[in-house]
Amino acid sequence: MASELTDEEKKAIEDFIEEIKKSYKGSSELSVTWNTGCKFLMARKFDLKRALELYMSHQATREREDLLCIQANDPFLQKELLTEKFTILPGKDNSGAAVALFSARLHQPPQSTHQVVLKALIYQLDTALESIEIQRNGLVFIYDMTGSKYANFDYELSIKILNLLKGAYPAKLKRVLIVTAPLWFKAPFKILRLFVKEKLRDRVSTVSIPELKSYFPDSTLPQYLGGSQASCHSMWVETCYQMATNQAPDLTLYFLPACVRSRSYRSPSSSFESESSKDTINEKHTTEDREKEKEDDEEDDFEEHTESQISKDNDVDGVRTRKRKTSNVKSDTDGSFVGEDDAQDIGTENTPRKKRPPSSGSNILDDSLHMPDSSPGVDVTTLLTEVNSLKRRGLFQQYGSIKMEAPTGTFQNARNKINVPKNRYTDVLCYDHSRVVLPSLENEEGSDYINANFVDGYMQKNAFISTQGPLPKTFVDFWRMVWNYQVCVIVMTTRVVERSRMKCGQYWPLEEETDEESDHFIIYNDGVMQYRDYRQTRLLLHNTQTGESREVTHLQFTSWPDYGVPPATAFLDFLFHVREVQASAVSKLDKAWSGHPLGPPVLVHCSAGIGRTGTFITVDICLRRLEHCGTVDIRETVLRVRSQRAFSIQMPDQYVFCHQAVLEHAERMGLLNGLDSLTLEDDDSDSDL
């Protein structure tokens, strides 16, 4: 940024910082950065006195409205961001100013406080104003009243927003456009204009949707405002999170039209529809460690985001835990369990029916997306050289290009109104083409749906089931899936509770010699083995309808930190232990299994089923390829995993970790002499990371 400023401007910033230090002498909480000084001075054309006044007013407003501390992981903030009522559009107006959009129809005054709304607004503006281009060119504010009612209008909040923008925030407010204002708005509008500085008053006007085109190019306006821009709010919120957590994202990527078009998709016909009715999905904006649980006790009014607190996954509906004698649920056999020959014939959509489901019955090795000749790949020595050349920043950029890829399918079943409450997160849905289909229950619409996808392994079709952490209302569906697809191993890569938030329902009995009933399934805990980094539980799954019992091993990896990635050594030990347990289970199946030699699908889940889950699956695929033919192609592997489970590998750190895990395993195999030469950190101190 400094290189774009004149010497006079740099001097003004230094003077600004010095004056603030004098004014707040003795305050240990105040720290004014160079960027902060630049923002306030830019907003007042580098007039030091006016910039200082603006800063004082800004601090006073934030203190008065209790906005001094805005935490990126605040669940109430995250919930507010999900409404998409306020966003920064990826395009600019005809003069190059950034465009802030507030959609009145999405604001439900009783459901959010002024403080939370203002926090969400400032949280996003703070990110936008990190761009020196936006600081110079200013901001246009669109107040869209299309489709709104009087109940959506909050007069007091409107006054607060105008007060903030007119003289308490470091942004050049160039214009306020009120779109399709209803008749009842005329009186409030006259009063609101009084709160705007006189010289800006003429720039506050009401316009129709067609009139917007005189201010903005089509590529800037959303489709429902007459433009061609698809929504990419989730990408924007993710950018804000990266900025708030000091990951220094490249803001220019967000404002590139091509990037936006390839990043997300929205059907023009669904522009006015609720979130639950979209045909496709935008990129998820939070890591699994900071995702807010949606309320699972309320099954109505989903589209209006009426939940008022964090998920109550621990309020398990209809699940009883108690001591039970082992003999009640154990198989009468010596460990061999009945296969699925009597199970219903089901399969993924558009797949011919088979005696066994596709994930279980495929004996074909070459129908997997991951084959030795499916991409060139490189050996691990070349991979190490590439990683050292790219470093963390380059890998982050490489991951960024992956995230720009458009979704490869639709989400119609997940968007079906009857299925919406079964999704843990509103923006983590499953593809139609690869979803796991459950046997339909008589007279129960949507009973074939669960938020889960089949994902290919290396030279193995449908080697994995990638799914979300079960909700209490989906526990029965979860066990139906385990039963119908002969799952022997469940891999859980999250804790039930992290940072005081529910990440997954407690769907299995935690204590030894206890059981839980879930409809016609009894799940019995037959023993727990505690390791340093993971916990192994032997479960007996009894089907009261058929009288059959099966053994299922539950493996929970507990060393994945709330934020970041796990130690590669611990992760690799866990992954290979999973393989050993799966191999042992397949050998016990004997003639009950006639599918792929590696057995039925391994079920993998975290909270959303895309971040940690995708990381586990990606590393396993890469290591199997490395062991088979000595090459890997991590980027292509991630792309193909994402083509079956949307948005897998959720964060750039997870993408970097895949490289680290592969290289550490290569060292274990003796393919590398040592990893002392691995250097991920960038040379310069102004890293984008």
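Residues numbered from 1 in each chain as written. Predicted model: local features only at pLDDT ≥ 70, side-chain atom pairs only at ≥ 80, totals over all residues. Heavy atoms only, no water.

### Points about the overall build of the protein chain
When helices and strands are tallied, the protein chain shows 20 helices and 16 strands. If you take every contact in the protein chain between residues at least 6 apart in sequence, the share linking residues at least 24 apart comes to 73%. (Helix = DSSP H or I, 4+ residues; strand = E, 2+ residues; numbered from the N terminus. Contact = heavy atoms within 4.5 Å.)

### A look at the nonpolar core
Residues Phe464 and Phe616 are the most contacted members of the largest nonpolar core, which totals 58 residues. Each residue touching phenylalanine 464, except ones within four places of it in the same chain, is listed here: Asn453, Phe454, Val455, Asp456, Gly457, Pro601, Val602, Val604, Phe616, Ile617, Asp620 and Ile621. Grouped together as the second largest cluster of nonpolar side chains are 47 residues, Phe102, Leu164, Val237 and Met243 included. (Core = buried A, V, L, I, M, F, W, Y, C linked by side-chain atoms within 4.5 Å. Buried < 20%, exposed > 50% of the residue type's maximum accessible area, 1.4 Å probe, protein only.)

### Some thoughts on the packing of helix α1 (residues 7-23) against helix α2 (residues 34-43)
Each pair of packed helices gets described by two things: the angle between the helix axes and the distance between those axes. Contact pair α1 / α2: the axes reach a minimum separation of 9 Å and the direction vectors enclose 110 degrees. Here α1 lies roughly perpendicular to α2, going by the angle between them. Each of Lys10, Ala12, Ile13, Glu14, Phe16 and Ile17 in α1 lies in contact with α2, whose residues at this interface are Trp34, Gly37, Cys38, Phe40 and Leu41. Looking at the contact of α1 with α2 residue by residue, the class counts come to eight nonpolar, one polar and two charged. (Axes fitted to C-alpha atoms, helices over the stretch in contact; angles between N-to-C directions. Parallel < 35°, antiparallel > 145°, perpendicular 65-115°, else oblique. Nonpolar A, V, L, I, M, F, W, Y, C, P; charged D, E, K, R; others polar.)

### Thoughts on the packing of aromatic side chains
As enumerated under the stated definition, the model contains 26 aromatic pairs in all. Between phenylalanine 571 and phenylalanine 616, the aromatic rings sit 6.1 Å apart at their centres with planes inclined by 75 degrees, giving edge-to-face as the arrangement. Of the two residues, phenylalanine 571 is situated in helix α17 (residues 568-589) and phenylalanine 616 in helix α18 (residues 612-629); the sequence distance between them amounts to 45 residues. With respect to burial, phenylalanine 571 and phenylalanine 616 carry one shared label: buried. We note arginine 105 situated over the ring of tyrosine 224; from NZ or CZ to the ring centre the distance is 5.1 Å. (Phe/Tyr/Trp six-rings, centres within 6.5 Å; stacked < 30°, edge-to-face > 60°. Lys NZ or Arg CZ within 6 Å of the ring centre and 35° of its normal.)

### Points about the pattern of salt bridges
The full count for this structure, using the stated rule, is 26 salt bridges. Salt bridges sharing partners connect three or more residues here, namely Arg64, Glu65, Glu156 and Lys160. (Salt bridge = Lys/Arg side-chain N within 4 Å of Asp/Glu carboxyl O.)

### Things to note about the pairing of strand β16 (residues 602-605)
Along β16, one buried face is formed by Val602 and Val604 and the opposite face, lined by Leu603 and His605, is buried too. Relative to β16, strand β8 (residues 460-467) runs parallel, the two being bridged by four bridges. Along β16, the bridge assignment pairs phenylalanine 464 with valine 602. Here strand β9 (residues 489-492) runs beside β16; their pairing, made up of three bridges, is parallel. By the bridge assignment for β16, valine 491 is matched with valine 604. (Pairing = 2+ DSSP bridges.)

### Some remarks on the pairing of strand β15 (residues 548-557)
Of all ten residues that make up β15, ten are buried, and the element is covered over most of its length. Alternating positions in β15 separate into two faces, Glu548, Arg550, Val552, His554 and Gln556 on one and Ser549, Glu551, Thr553, Leu555 and Phe557 on the other, with burial throughout. With four bridges connecting them, β9 and β15 associate as parallel partners. Across the sheet, the residue bridging to isoleucine 490 is histidine 554, located in β15. Linkage of strand β14 (residues 534-543) to β15, two consecutive antiparallel strands, is achieved through a turn of four residues, within which glycine 547 is found at a positive phi near 80 degrees.

### Some words on the sheet that holds strand β3 (residues 139-144)
Spatial ordering of the open sheet is given by β1-β2-β3-β4-β5, a layout of five strands whose pairing is mixed. On the outer flanks of this sheet lie β1 (86-92) and β5 (204-207), each paired with one strand and no other. Direction aside, the axes of adjacent strands within the sheet are offset by 25 degrees on average.

### Considering helix α10 (residues 233-244)
Here α10 contains twelve residues, and its C-alpha end-to-end distance of 16 Å stays within 8% of the 16 Å for a straight helix at 1.5 Å per residue. Counted residue by residue, α10 has eleven buried out of twelve residues, so it is predominantly covered. For α10, the set of buried residues is His233, Ser234, Met235, Trp236, Val237, Glu238, Thr239, Cys240, Tyr241, Gln242 and Met243. (Expected span 1.5 Å × (residues − 1).)

### A word on the environment of threonine 36
Take threonine 36: it is sitting in helix α2. Note: C-alpha distance between threonine 36 and phenylalanine 16 (20 residues apart in sequence) is 9.6 Å.

### Some remarks on the packing of helix α5 (residues 114-128) against α10
One way to put it is that α5 packs onto α10 with a least axis distance of 9 Å and a crossing angle of 80 degrees. The angle between α5 and α10 places the two elements in the roughly perpendicular class. In this structure, α5 uses Tyr123, Gln124, Thr127 and Ala128 to contact α10, whose residues at the interface are His233, Trp236, Thr239, Cys240, Tyr241, Met243 and Ala244.

### Some thoughts on the confidence of the model for the protein chain
Chain-level pLDDT for the protein chain is 80 on average; 78% of the residues reach the 70-or-more range. In this model residues 684-689 is a low-confidence stretch, pLDDT under 50, and it forms 14 contacts with partners more than four residues away in sequence or in other chains. (pLDDT = per-residue confidence, 0-100.)

### Some remarks on unusual backbone geometry
Of note in this structure, serine 500 is not a glycine but carries a positive phi near 65 degrees. Note that serine 500 resides in the loop between β10 (497-498) and β11 (501-502). Residue aspartate 519 is not a glycine yet carries a positive backbone phi of 60 degrees.

### Regarding α17
Spanning 22 residues, α17 covers 32 Å between terminal C-alpha atoms, matching the ideal 32 Å at 1.5 Å per step. In the segment just after α17, aspartate 590 is the residue with positive phi, at about 50 degrees.

### Section: the environment of phenylalanine 478
With respect to the secondary-structure elements, phenylalanine 478 resides in helix α16 (residues 475-484). Residue phenylalanine 478 is classed as buried on the basis of its relative accessible area of 1%. For the pair phenylalanine 478 and alanine 452, spaced 26 residues apart in sequence, the C-alpha separation works out to 9.3 Å. Non-local contacts of phenylalanine 478, meaning those with residues more than four positions away in its chain, are made with Ile450, Thr467, Pro470, Ile490, Tyr507 and Leu603.

### Section: the side chain of serine 148
Note on placement: serine 148 falls in the loop between β3 and α7 (155-167). Take serine 148: its relative accessible area is 12%, and that puts it in the buried class. One polar contact links the side chain of serine 148 to the main-chain carbonyl oxygen of methionine 145, over a distance of 2.7 Å. (Polar contact = N/O pair within 3.5 Å; in protein donor to acceptor, adjacent residues only side chain to side chain.)

### Comments concerning the state of the cysteines
When the sulfur atoms of two cysteines share a covalent bond, that bond is a disulfide. Summed over all chains, the structure comprises zero disulfides. Just so you know, cysteine 622 is unpaired, no disulfide at all, and the nearest cysteine sulfur is the one on cysteine 658, 6.6 Å from it. Taking relative accessible area as the criterion, cysteine 622 reaches 2% and is therefore assigned buried. (Disulfide = S-S within 2.5 Å.)

### Notes on the side chain of glutamine 536
Relative to the helices and strands, glutamine 536 resides in strand β14. A polar contact is formed between the side chain of glutamine 536 and the side chain of histidine 577, at a distance of 2.5 Å. Residues contacting glutamine 536, with those up to four places away along its chain left out, are Gly527, Val528, Met529, Tyr531, Thr553, His554, Leu555, His577 and Val581.

### So, the environment of tyrosine 534
Mapping tyrosine 534 onto the fold places it in strand β14. As for tyrosine 534 and tryptophan 560, which are separated by 26 residues in sequence, their C-alpha atoms are 9.8 Å apart. When near neighbours in sequence (up to four residues on either side) are disregarded, tyrosine 534 contacts Met529, Gln556, Phe557, Thr558, Phe574 and His577.

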